[in-house]
Structure formats: structure tokens, C-alpha cells
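Each chain, letter by letter, is given below.
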Amino acid sequence: MSAPRPYEAADYSAAPSPAFVLDEASLRANLEHLRQVAQASGAKIICALKGFAFYESFELVRQYLPGVTASSLSEARLGKEEFGGEVHAYCPAYIPADFDGIAQIASHITFNSLPEFERYRDRLAGSSAGLRINPEYAEVETDLYNPCVPGSRLGVTEAMLGPKLPPGIEGLHFHTLCEKGADTLSRTLDHVHARFGHLLAQAKWLNMGGGHAITREGYDDALLVQLVHDVKRRYPNLESVILEPGSAVGWQTGVLVGTVLDIVQNGQTRTAMLDVSFSAHMPDTLEMPYRPAVVGDLGPEGEGERYHLGGQTCLAGDFKPDYVFDHELEVGERLVFLDMIHYTMVKTTTFNGVNLPAIAIRRESGEIDVRKTFGFEDYKRRI
Ligand SMILES: Cc1ncc(COP(=O)(O)O)c(C=O)c1O
């Protein structure tokens, strides 16, 4: 087992409950890593707002990354107003009323289909147009996250394109990875070269999407650097190679703090009822699904006091089984869910009227800086 990251051992007792708490030092470490890879490879690395939108931290992020990628007018505006660097855009289908707003902000706009490009090509307002390609190869185990399933609605396949880059298209974009290593990128690029190499030889830029687990322990930085160099060598016409990770920015940078409200015993099953919800506050744990790590949990095979962790909503499946602790949990005790800053925080809802967790930053000094709390008005405005 690898050593706990510093954010896992940090003291969050001064945070309200529930609260998402970002650990500034861990974020800086990720950003330093990303900048180092960008410099060594010559790729431009921008932050995918869909995965990491903790804008209270953008003052720090913009010291390391030159921009963001947006998938809607709201994300584009967040990029412009809170980040301030380059904004790229890709959306599976643009909302007509929003497009001009996006074009005003974005330097690069990627289209999901050729008819979609034709619909908007006269409204680019100087942005560079790109096309999302579908290399029909992905190593994603969960179909929910696989953009290359047969009949996928995401991206243009080789069969949909001719021998020439459609006039007006300057860039190509693929996004087929999900928390993957550089070895997966290498195999994916083999398919991209085989199917779209002739078009890449005519393009100005290539965006290799997100899903690069660059900040995960053991990621092969050297291979990524080599792959980017290889792309640039094959296609010297490319002015830029872009990566747009979201997860890798917020990877292991913070927690969701919760509190035990009650203990329910039903036969052999004991459930610790919490003030957080898997359904409302961590929906990705049910979608993927995955078992979120909790500080002090000995794992389902561990020996000790065993609990289901029960969420706040009345959804029957709003729980996770088999968390084992070395002591009996008590009402009022804090539980700390790890790695909750990428996607999780962005996907919250107020289902059942549950409150949204507060948003806080653990500063590099150790101080817990509560940036936002939510209440009835936030719930009421979104229904
Ligand atoms: C087009 C596109 N770019 C970038 C990303 C970010 O991916 P990740 O957060 O896995 O790095 C996504 C995620 O879904 C995406 O759809």
C-alpha cells in the first residue's frame, strides 16, 4: 500500500459538516506536476471545468495552467470571469442562443458533427474551429464513460470523413480516456494515426482530450512526453498539441467531511446514518460505481466494527456497505471521505432538499477557510 498523501492525514475538525474541503498544498503539488509535464512535452495543458470547477482556487491554478476548457456558456463564462486565461470549448450540441456568447469567449471551438459545424461556421467570431473525432477505440470498462461504444453520439468516425480536412476546420479533438495511463494513450494514438493521420497532416492543432491520470502515483510521464514529441514529429504542421484533464487537476486534493447522525441496527446489519448523501453529494460513487475511501476504514476484508454508511436521502440505495473501523462509531463523530474534489463536487444536487455541503479551503498554513455555505434559497432557486 502506498503512503497516505498529506491531505489524508490533515486535520479538518475546524470545517463545518458537511463540507468539501480542498487542500491547497495538494492542489499546488498537482499543478507543479502538470506544468512540469507541459514544459517537458511542449503540450498545452488546460483544465477541464466539467471535472474541476473549484473557482475559489483559480488564483493558484492560473499560476500553472494557461487556460480552461468549457462545455457550455456557463463554463465558458466561469473561465473568462474567474480564470482569465485561454478558453477552449467543446459541447456535444451547442444551444443556439448560447453559441455567440461562447464564440466571443473561446479561442478554439470543437464541433461534434459536420452538420453542427456547418450550422455555426459563419458565427465563429474569429475562433479556430475543430472537429471531435471518434477513433472507435477506448479502454474504458464502464459503458457510461465510454465514448466509443458502437453507435456513439460523440465524435465523427473515419467513415464520416473524406480524404481532406473539411474546409474551415483547423483542429481535431479526441477524448477517449478515463483515468488512464500513458500506455492507453499510446495504443489510442495508434488508432488515431491509422484512421485520421492524413487529416492530422493538414491540421493546425490536436486536442487529446482528458482522462490522462498524470497526477496519479506511477503515471509514466516520460512516455507521455515521448508520445507528444512523436505526434509533433509526425505532423510538423501542428502548431499546438493540447491536453485538457479535469480529474488530474483535482486528483487527491480534498475531502468531503460528514458526521454520524444515528446508528440503525437491522438484524446483522448496522448502518451509520450520515449528514452526507451518496446520491446527492457523491453521485459519481453510484454512477461509476466505486467505493469511496474513508479515513480510518480498514476495508471490507478488515476485522473490526462493521457498518454500512447510510446517506441522507430516502433513496433505498443511498448507502455503501462494509466499512470497517477499529472502534464503534458514535453519534456526532466525523467521517472524512477522500478524493472528493474532482467531479464529485461539481455533480451535487439538493435531492430530498438536502443541503449542499459547504465549500472550504485548507490553506497551506493549515487554516480552514470556509468560502461558502448553502441553505434554503439555494434549494428553492433550482426547482
Ligand atoms: C471532451 C472532454 N474533455 C475533457 C474531459 C476531462 O476528462 P478528465 O476529467 O477525465 O480528465 C472530459 C470529461 O468527460 C471530456 O468529455
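Conventions adopted
- Going along each chain's sequence as written, the residues are numbered from 1 onward.
- Residue-level local features of this predicted model are given only where pLDDT is at least 70; pairs of side-chain atoms are given and counted only at 80 or more, and the full residue set underlies all totals for whole chains, interfaces and linings.
- Note that water and hydrogens are dropped before the side-chain values are worked out from all heavy atoms of the structure.
- Whether a residue is near a molecule or strand is decided by its heavy atoms; if any one of them lies within 4 Å of it, the residue is near.
- Polar contacts, as counted here, are pairs of nitrogen or oxygen atoms within 3.5 Å of one another; within protein the pair requires one atom able to donate a hydrogen and one able to accept it, and residues that are adjacent in sequence qualify only if both atoms are side-chain atoms.
- We get accessible surface area from the Shrake-Rupley algorithm with a probe of 1.4 Å; when it comes to residues, only the shown protein chains can shield them.
- Residue polarity follows a fixed list, in which Ala, Val, Leu, Ile, Met, Phe, Trp, Tyr, Cys and Pro are nonpolar, Asp, Glu, Lys and Arg are charged, and the others, Gly among them, are polar.
- Note on pairing: DSSP must find at least two bridges between two strands before they are called paired.
- Per the convention used, a helix needs a DSSP run of H or I reaching at least four residues, while a strand needs a run of E reaching at least two, with both numbered from the N terminus.
- A contact between two residues is defined here by any heavy atoms of the two lying within 4.5 Å.
- Every axis corresponds to a line fitted to the C-alpha atoms, with the helix fit spanning only the stretch in contact, and the corresponding angles, defined between N-to-C directions, vary from 0 to 180 degrees.
- The sense of a crossing depends on the near helix, which, turned anticlockwise from the far helix by less than a right angle, makes the crossing left-handed and, turned clockwise, makes it right-handed.
- With a 1.4 Å probe rolled over the protein chains alone, any residue whose accessible area is under 20% of its type maximum counts as buried; one over 50% counts as exposed, and the rest are partly exposed.
- In these notes, a set of buried Ala, Val, Leu, Ile, Met, Phe, Trp, Tyr and Cys residues joined through side-chain atoms within 4.5 Å is what counts as a nonpolar core.
- For every domain, the bounds stem from an assignment made automatically or drawn from a database.
- Using a 1.4 Å probe, buried area is obtained as the accessible area two parts lose upon being combined, added over both of them.
- The term salt bridge refers to a side-chain nitrogen of Lys or Arg lying within 4 Å of a carboxyl oxygen of Asp or Glu.
- A pair of Phe, Tyr and Trp rings is counted when the ring centres sit within 6.5 Å of each other, with Trp represented by its six-membered ring. The angle between the planes then sorts it: under 30 degrees is stacked, over 60 is edge-to-face, the rest tilted.
- Placement of a charge over a ring requires the Lys NZ or Arg CZ to be within 6 Å of the ring centre, with the centre-to-atom vector within 35 degrees of the ring normal.

So, on to the site of the ligand. Around the ligand lies a shell formed by A48, K50, Y90, H173, H175, G210, G211, E244, P245, G246, S247 and Y343. In the model, an oxygen atom of the ligand is placed 3.5 Å from a nitrogen or oxygen of the H175 side chain. One nitrogen or oxygen atom from the side chain of Y343 is found 2.6 Å from an oxygen atom belonging to the ligand. Protein chains shield 88% of the accessible area of the ligand, which is 400 Å² for the free molecule. Residues belonging to the shell around the ligand are distributed by class as follows: four nonpolar, six polar and two charged.

A few words on the sheet that holds strand β7 (residues 128-132). With parallel pairing, nine strands are arranged side by side in an open sheet as β2-β10-β9-β8-β7-β6-β5-β4-β3. Sheet topology places β2 (44-45) and β3 (47-48) at the edges, where each strand pairs with a single neighbour. Running at roughly 135 degrees to strand β6 (residues 108-111), helix α5 (residues 96-105) makes contact with β5 (86-90) and β6 of the sheet.

Where helix α2 (residues 24-41) meets helix α8 (residues 221-234), the closest approach of the two axes is 9 Å, and the angle between their N-to-C directions is 35 degrees. Where α2 crosses over α8, the two elements pack in a sense that is right-handed. Contact residues: H33, V37, A40 and S41 in α2; D221, L224, V225, V228, H229 and K232 in α8. Of the residues assigned to the contact of α2 with α8, the class counts are five nonpolar, three polar and two charged.

A few words on unusual backbone geometry. Here the residue pair S17 and P18 is connected by a cis peptide bond, since its omega of 0 degrees sits within 30 degrees of zero. Relative to the helices and strands, P18 is located in the loop between α1 (6-9) and β1 (19-23). Put simply, M288 and P289 share a cis peptide bond, and its omega is -20 degrees. The phi angle at A125 is positive, at roughly 50 degrees, despite the residue not being glycine. Judged by its relative accessible area of 55%, A125 falls in the exposed class. Here D339, not a glycine, exhibits a phi torsion of approximately 60 degrees, which is positive. Examined against the element boundaries, D339 turns out to sit in the loop between β15 (334-338) and β16 (358-362).

Another aspect to go through is the nonpolar core. One broad rule of soluble globular proteins: the nonpolar side chains tend to lie buried together. Residues F52, L65, F111, L309 and F337 are the most contacted members of the largest nonpolar core, which totals 91 residues. The element that contributes the greatest number of residues to this core is helix α7 (residues 182-200), accounting for seven residues. Taken domain by domain, this core gets at least three of its residues from each of domain 1 (6-20 + 254-338 + 348-381) and domain 2 (42-250). Excluding residues that lie within four positions of it along the chain, F111 makes contacts with Y94, F99, E116, F117, Y120, L124, A129, G130, L131 and R132. Grouped together as the second largest cluster of nonpolar side chains are 13 residues, V255, V336, L338 and I368 included.

Moving on to the domain arrangement of the protein chain. On domain assignment, one finds that the protein chain holds domain 1 (6-20 + 254-338 + 348-381) and domain 2 (42-250). Contacts between the two partners involve eight residues from domain 1, matched on the other side by six residues from domain 2. Together domain 1 and domain 2 conceal approximately 710 Å² of surface at their shared face, both sides included; 59% is due to carbon and sulfur atoms. When the buried area of domain 1 at its contact with domain 2 is split by residue, E287, M288 and K372 rank highest and sum to 56% of it. For the interface between domain 1 and domain 2, the tally reads one salt bridge. Note that R371 and E56 form a salt bridge whose closest N and O atoms lie 2.8 Å from each other. Here domain 1 and domain 2 share three residue pairs in polar contact (both at pLDDT 80 or more) between them. Counting only elements with at least two residues in the side of domain 1 that touches domain 2, the list comes to α11 (284-287), β16 and β17 (368-372). The element best represented in the side of domain 1 that touches domain 2 is β16, accounting for three residues.

We now examine the pattern of salt bridges. Under the defined criterion, the tally for this structure stands at 23 salt bridges. Two residues, R77 and E81, come together in a salt bridge whose shortest N-O distance is 2.8 Å. In this pair, R77 and E81 are both assigned in helix α4 (residues 73-83), four residues apart and thus about one turn of the helix distant. When the shortest N-O distance is used, the salt bridge between D100 and R123 registers 3.0 Å. In this pair, D100 sits in helix α5 while R123 sits in the loop between α6 (114-120) and β7, placing the two residues 23 residues apart along the sequence. One network of salt bridges, with partners in common, ties together E24, E56, R363, D369 and R371.

Once that is clear, we can look at the packing of aromatic side chains. This model, assessed by the stated rule, comprises eleven aromatic pairs. Where Y94 meets Y120, the ring centres are 6.3 Å apart and the plane angle is 80 degrees; that geometry is what we call edge-to-face. Of the two residues, Y94 is situated in the loop between β5 and α5 and Y120 in helix α6; the sequence distance between them amounts to 26 residues. In this structure an aromatic cluster arises from ring pairing among Y94, F99, F111, F117 and Y120. Its end group placed over the ring of Y307, R270 keeps NZ or CZ at 4.1 Å from the ring centre. Looking at R291, its charged tip hangs above the ring of Y323, at a distance of 4.1 Å from the centre.

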